[in-house]
Every structure is written in structure tokens, then in C-alpha cells.
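Observations on chain architecture
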Amino acid sequence: MMNFSMKKKIILILVILIVGLSYILVTNFRDSATYYITVEEFIDLSPDETRQIRLAGILDPDSINYNEFEGIYTFQVKDKDFNYKIDCIFNGIIPSNLASQEEVLLEGKMQENFFKVNQIMFQCPSRYEESL
Amino acid sequence: MFINIGNLLLFMGLIFSLIFIIINILFIFKKFKANNLKKYQRLTSLIPFFLTLIASLYLLNLFIQDNFQSVYVYNFSSSELPLYYKISAFWAGNAGSLLFWQLINTAIAFFVLGISIKINKLNYKLQLFIGLIFQLKILFFYLLLLIPANPFYFFDVIPPEGSGLNPMLQSPGMIFHPPLTFLGYAAAFVPFVIIIAGLISRINIFKIKEVFSIIRNWTLSAWFFLTIGIIIGAQWAYYELGWGGYWSWDPVENASLLPWLFLTGALHGIISFRRYNIFKLFSTLMIIGSYFLTIFATYITRSELLDSVHAFGSQAMGVPFLLFIFAGIIISLILIFSRRKYFGSDNKLENISSRNGFLLLTNITLVIFASAVFLGTMFPIISRVFIEGYIIIGQGYYNQIAAMLGGILIAMLGACYFLSWDRPTKISEIMIKNKIYFIFVGITIFFYTSAWIIWLESSFILLFRLLTILVIISLVYHLIKEIIVYWNDEKFSGVSLKKFILSKKKRISIIMIHLGIIILILGLTGYGQQREYLQRIEVGEKIQVEEYQLELVEIEERSQGRNTKIISNFNLFYRDDLKDNISSSHLFYSGYDDPHTSVGVYSNWKEDFYLIFGDWLGENNINIQVRITPLVKLIWFGSYIIYAGFLLLILPKNL
């Protein structure tokens, strides 16, 4: 379809793009990779876990507490059977519709005995919620 | 209760499409007279459309009448909902949105098979197969609607009240975002079906000029609907709390970006094909790919594959969709391979430093972009194979890839307008021909870098922004050049501006669409400089946030029917000048425990001041979150230019 040097040029450009992209992939991997676990799995982690974690659990709405002096929230997440609970701290605004979300996703890191949350997420409403 | 008018209509639709498929096959085996096909196709495309329309009106009526005996209405509506949200609740759930989609499918099928004159002029065999594949798709949707996603279940007893529409869906975004996205997805089917029909019927569509004008128009429509759908979705996300930004690389968002990238590639491939008879295989693959990516997007949206930790394809929708995608891709590839002789061409791409060459590189970059996004989105599943637990790829990865590949794409777009279509162009030649532009480039770079040194900020964002600004200047330059050159042309002397624009509308509108996209991307760069503040504030207090002063005037409580709204009203000053009154509120819906928050936004060309009412701490005491994001207004401004460009493009020439 094309002459030889053309093909070479295109292949060269492709190689550069792919190498560049793989470089980004590898260097960003540690920063943007997050381990997605449940409350049960979190309990089994060692206390000096340093990885970025996304924790899926059920928020106990009665446990939400605001510490005025430090300006932080504390709350607990539980597993489905309410066997385990994890203490979380969060410095930010709790989304107003959080408490009614059955399952929340918390992103953060382990800090001593707490899970320090950076970001609170829940399933977006574009996802159809009925179970079929 | 399963037997009712709605299901009867769906069932009739199913039976009819089965019969039509059989008749279509009999046509293929020449059991019927060929000249009856047109009448037949008109009828067989009208009947499913008519039946689906009646079924949809029936469901709509259930919503309007507050018939909570219907499970679907009960799930998504309540008697207090304003009429427009009762109507938009139609597509709030899986089953209803699928019915709505089927309505669009059958409408498009009726348009293509029954009305479109262009298609009616095509080869008989081609039309036959287009009709057959359309009927198969309609059948597939009827099956989905009758079994796993039925909108017409009824309770035995009548509940007094519906459970209401999720407050987050009570937004103008809900009225426009889903229908436009569905339109985009449904329109992407038409180019696909024409190509597949051509391959099956052994008709080399690459030799029929009209076919590619139809394919191009439908690809363009799909692209445009998807573009507005995505932008309105982003706008919706931006003004809803809990989402924060306009784009967060969520799997559902990524899934809508993938077909968009492929459709963009397909459009550019088709240009070179129509002009130079090259990139046949590439355009074909992009069209087929974009269709399967719309199915993939649907699958991601409707299954729990990628969000919830341990719920793997637990939903009945998942399996048929996945099977459909796999089978479809394999069949398409086999078809392409067995008809490979159609893809050969006497014409070759002769030089990479031409517009055709750059279009090829653009398309390769788009595919790489899509692959990287796909890889990131699917990484939790891929990682599952190798390690215990899931690994999710965060926004950092996507942002880097988007910045790098986006930068390459923008630079190529900027260069493209200076290149000749098929001949190599020397840089010196370009510079001499376009002196004025390069003088502007020099001036811009000079001022920009001096400002840069003053800001003492060195970052990739600023470099990227410089690139977008240079390309914006280049596009404006070409727009002006286009006007000046033809204005001086004798042909146009004495011609009114309206007539002039109409005669040049294709070129002008395409430059406008590109311009809109680059301005939008320039707006996106502001995200990298977002600042976030958490503050506690009392009524009457004035706090300083960067160069803004924010004064909490009052917190008022208002009741709206059975709902209660708590509004915090602020005065916003910039360097002690009162700029605006903004308010953020919590709306407590009856029946929902938690309030729905609406945000206060003060927007100017430099940045957005985005205020979120947090918690009520004491009597007159609340905490708030402020986000300052530069250039957000440019995102919406760019999108309006895209819309305007598209409107100009579809305007009839002899207006």
C-alpha cells in the first residue's frame, strides 16, 4: 500500500508513541494504582501498609462526628454482616447524600489505627440501580 | 402481572420482527419479486416503529397518570414530581431507557429503510441486507425488553405513592443528557450496518460514491449527538455536588469517550477515503469499532462489572451484551478478511508530511488514546488475573495520557491547515506564505513566556496552554484568510454576506468545530490549577479566600410543598468589590433522608468560584468548601462554538 521508507517512518512514529506511553504507564503506575478492597480484607492488612487503598464498605450514619477544633470528620465503615468496623478520619466536606448510600467507596491510606480518607465516592446515578 | 397492553405491544413487535426476518431471508433467496422490496421495507420498518411508539406512549401515560401499580413507575416517580421530571423519569431506569432506545432504533430504521431517498437508490441486495440486520437488532432489543429488562411489570396491589425519582436525577441534565447519548449510540449503528451489509452481500461499497456520503452523514450525526451528550453530562456533573469536577475518568465516562474517539477517527478516515480513495480498511475498522464500543459502553453502564467489588456480571443484562460484542467482532473480522480484495487500492499515501499523512497519524493517535483509556478502565479486571485483589487506575494516569496524546493531536491539527492534501510541503514555504500568522506566533510566544517568567511558575500546563493558544490563533487566522480570499474573489463581489457564508459553509463550519474543541481543551487545562479551601463561617462574618471575600448574609429556610430547602446566601467580593450574590442550598426531599445540595458558582473568564454548603455546625454556623478552577467558562464557551459550527454545517445551502 505504501512505499518502504513511508512504512518505516510510520513505524518509527508508532514506536516512539508506544514507548512514551509505556513510560507514562510505568511511572504513573505507583501513584495512580489503588488497591480496591473490602472491609474484611482491610482488617487483614498489616498496620504498616503504605499503598493507596480504595475501601468499599457500608457507612454507619450514626457514627459521623465532626471535630470542630481540628476541622475533621470521624466515622466508621462496616462490612455487610456488621462483623468488623474501621475508624476513618476525613478532612473535607462530606457529600450531603452520603449517609443514604448503602455502599461507599473511600480512597485513602492507612495511618496508625485509622484509615485516612482523601476522597469519598459513591456510585454515580447514571448507573441503573435496580437489580434484575 | 405480566399480561398487559405494554407487553402485548412488545410481544407483537417481537413476532413481527421474526416474521420480517424470515421474509427478508426469502427475498434473499429470490422467493419474492425484487421490485416489491421498497414497499415491503417501508412497511416492515414502519410497523416496529409504530408498535414501539404506542408502547412508549403507554408507559409515558402510566407516568403522567401516576399509576404506581406499574413497578417501573413506582420505582422512579412520585405524585409530587413536576411533569417534566415525570416524563424524563421514563429513561431513569434500565428497562425504560432500553424502551426509549428501542424507540430511537425503530425510528432510525424507519427513516433509513422507509423514508431516506438516498438509501432507496442503492443497490437492491445492499438494501435487503441493511433491512435484515436492522430487523435483527430490533429483535434483539425486543428480547431484552421482554425478558431481562421489562418496563411493564405491575404489582397486584396498588401502592399509594411512588418511591420517587433520585434527587440527583431531578436536574435539567436528566432531560437532555440520556436522550442525546442514546441518539448518538443509535446513530452509530447506521454506518456499521451499511458496511456489514456491503461485506455480506459481496457488494464493493467502496466503489459506490453515494454509500460513503450516507456513511459520512450518519457518522457525523452520531459524533455530534455523542459530543453534546458528553458535554451536557459534564455540565450536569459540574453543577451537582459530590462529583466536584466535570470529568473524573469514571468507567461510565470512559466508556462514552471510547466510541467518541473512534467516531472522530472514522470521520477523518472517511475524508481521505472520499478524496483520495485511501484508508479504506482503516475507516472500516474505525466504524465497526465505534459501534462495538457503543455496545461496550451500554454494557459498562448497565452491569456492575467495574464498580462494585465482588459483583461480577451478576445481572442478567451482562451476558447477552458480552456475547453480542464477542460474536459481532469475530464475525466482522472474518467478513473483512474474506472480502479483503475490496480494501486494495491503486492509490497510495505518498507522503507523511501532507494532510493525508497527518490524518493517518491523527487516527493512529486516537486509537492509541482509546486503547490506553480502555486498558486503564479494564485494569481492575486484568489485574485480577495476576494478583489477589483489584487494582484501580487513578486519574493521574489518564490525565498524563490525555495531556501527552492530546498535545500531539492539537499540534497536528494546528499543522494540518498549513499542509497540502497530498504533496509534501516545505516548512520554509509555509512560513513565507503565512508570514502574518508566524509574526503572531512570535509575538504570542514572546509575551506568553515573559508573563510566564513573571509568574515564576514552570509547569507542563503552561506549555500545553501555549500550544492550544497557538493553534487557536492559527484556526482564527485560517478562518479570516478564508473570508478575505473569497471576499476579494470576483465571483463573490456584490454577494451578500449571508450568501457568501452559505456558499463557504462547509469550510467555515469545520474550522469552527475544530476551534470549539481546542477552546474547550484550553478550558480543561484549568483543572490542573484547581485550588480547594475548607472554611467555617458564621452569619455576618466575612472571610478571605485568595483575593475574594465571602460574606455569609443569612441562612434561610423555605418550604416547597412537602420539601424543605435551607439556603445559605453569600455576598462575594473580589478585591473588596461586590461581584455577585451566590447561594448554596440543601433541599430535603420528603421520603429521602439526606438533602440534595446545590452549589453556588460565580464564573468569569479567568476562573470559577465554586461554593458548596457543607454541614450545619451550630445555630448560625456552617462549614463550606470553595473550589477555584481557572478557565472553566472556556469549556462551555468552546462547546457553544461546536454547536454553532454544526448548525451551520447542516444548514441547507440554498436558504
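Given the structure is predicted, the values throughout are model-derived calculations rather than measurements. (Residues numbered from 1 in each chain as written. Chains lettered and ligands numbered in written order. Predicted model: local features only at pLDDT ≥ 70, side-chain atom pairs only at ≥ 80, totals over all residues. Heavy atoms only, no water.)

Quick word on the overall build of chain A
Per the secondary structure count, chain A includes two helices and seven strands. Counting all 132 residues of chain A, 45% fall into the buried class. Summarising the internal contacts of chain A: among those between residues at least 6 apart in sequence, 44% fall at separations of at least 24. Split by element, the accessible area of chain A, about 7,500 Å² in all, is 53% carbon and sulfur. (Helix = DSSP H or I, 4+ residues; strand = E, 2+ residues; numbered from the N terminus. Buried < 20%, exposed > 50% of the residue type's maximum accessible area, 1.4 Å probe, protein only. Contact = heavy atoms within 4.5 Å. Areas by Shrake-Rupley, 256 points an atom, 1.4 Å probe, with all protein chains shown as cover.)

Focus: a negative patch on the surface
A surface patch of negative charge is lined by Glu40, Glu41, Asp44 and Asp81 of chain A. For Glu41 of chain A, the position within the fold is in helix H2 (residues 39-43). (Patch = residues over 30% accessible without salt bridge, like charges linked within 9 Å, V, L, I, M, F, W, Y side chains within 5 Å. Salt bridge = Lys/Arg side-chain N within 4 Å of Asp/Glu carboxyl O. Lys, Arg positive; Asp, Glu negative; His and termini not counted. Charge placed at Lys NZ, Arg CZ, Asp CG, Glu CD.)

Focus on the sheet that holds strand E2 (residues 531-538) of chain B
Residue and element names in this part refer to chain B. What the four strands build is an open sheet, ordered E2-E10-E9-E8; its pairing is antiparallel. Where the open sheet ends on each side, the last strands, each with one partner, are E2 and strand E8 (600-603). Across the sheet, the axes of successive neighbouring strands diverge by a mean angle of 20 degrees, strand direction being ignored. Pairing analysis gives eight bridges linking E2 to strand E10 (residues 621-630), with the strands arranged antiparallel. Bridge pairing in E10 places Glu538 opposite Asn621. (Pairing = 2+ DSSP bridges. Axes fitted to C-alpha atoms, helices over the stretch in contact; angles between N-to-C directions.)

Structural notes on the pairing of strand E6 (residues 577-588) of chain B
All names here are of chain B. Pairing of strand E5 (residues 563-574) with E6 involves 11 bridges; the strand directions are antiparallel. Across the sheet, residue Asn569 finds its bridge partner in E6, namely Ser583. Connecting the antiparallel pair E5 and E6 is a turn made up of two residues, with Arg575 showing a positive phi of about 45 degrees.

Quick look at the nonpolar core
All names here are of chain B. One finds Ile130, Phe134, Ile194, Val211, Ile215 and Trp223 to be the most contacted residues of the largest nonpolar core, which totals 179 residues. In terms of residue count, helix H10 (residues 209-238) provides more of this core than any other element does, 17 residues in total. Setting aside its immediate chain neighbours within four residues, Ile215 contacts Pro191, Ile194, Ile195, Ile205, Ile270 and Ile287. Formed by 20 residues, the second largest nonpolar core is a distinct cluster that contains Leu550, Tyr574, Tyr602 and Ile628. (Core = buried A, V, L, I, M, F, W, Y, C linked by side-chain atoms within 4.5 Å.)

Here's the deal with a nonpolar patch on the surface
All names here are of chain B. Residues Leu46, Phe50, Leu53, Ile54 and Leu57 make up a contiguous nonpolar surface patch of about 410 Å² in total accessible area. By the secondary structure assignment, Leu57 is in helix H2 (residues 37-64). For Leu57, a relative accessible area of 48% gives the class partly exposed.

Focus: the sheet that holds strand E7 (residues 596-598) of chain B
Residue and element names in this part refer to chain B. A sheet is described by the order of its strands in space; here five strands give the open sequence E3-E4-E5-E6-E7, paired in antiparallel fashion. Each end of this open sheet is capped by a strand with a single partner; those strands are strand E3 (542-545) and E7. Between one strand and the next, the sheet's axes are offset by a mean angle of 25 degrees, whatever the strand orientation. Pairing of E3 with strand E4 (residues 548-560) involves four bridges; the strand directions are antiparallel. What sits directly across from Gln544, in E4, is Gln549.

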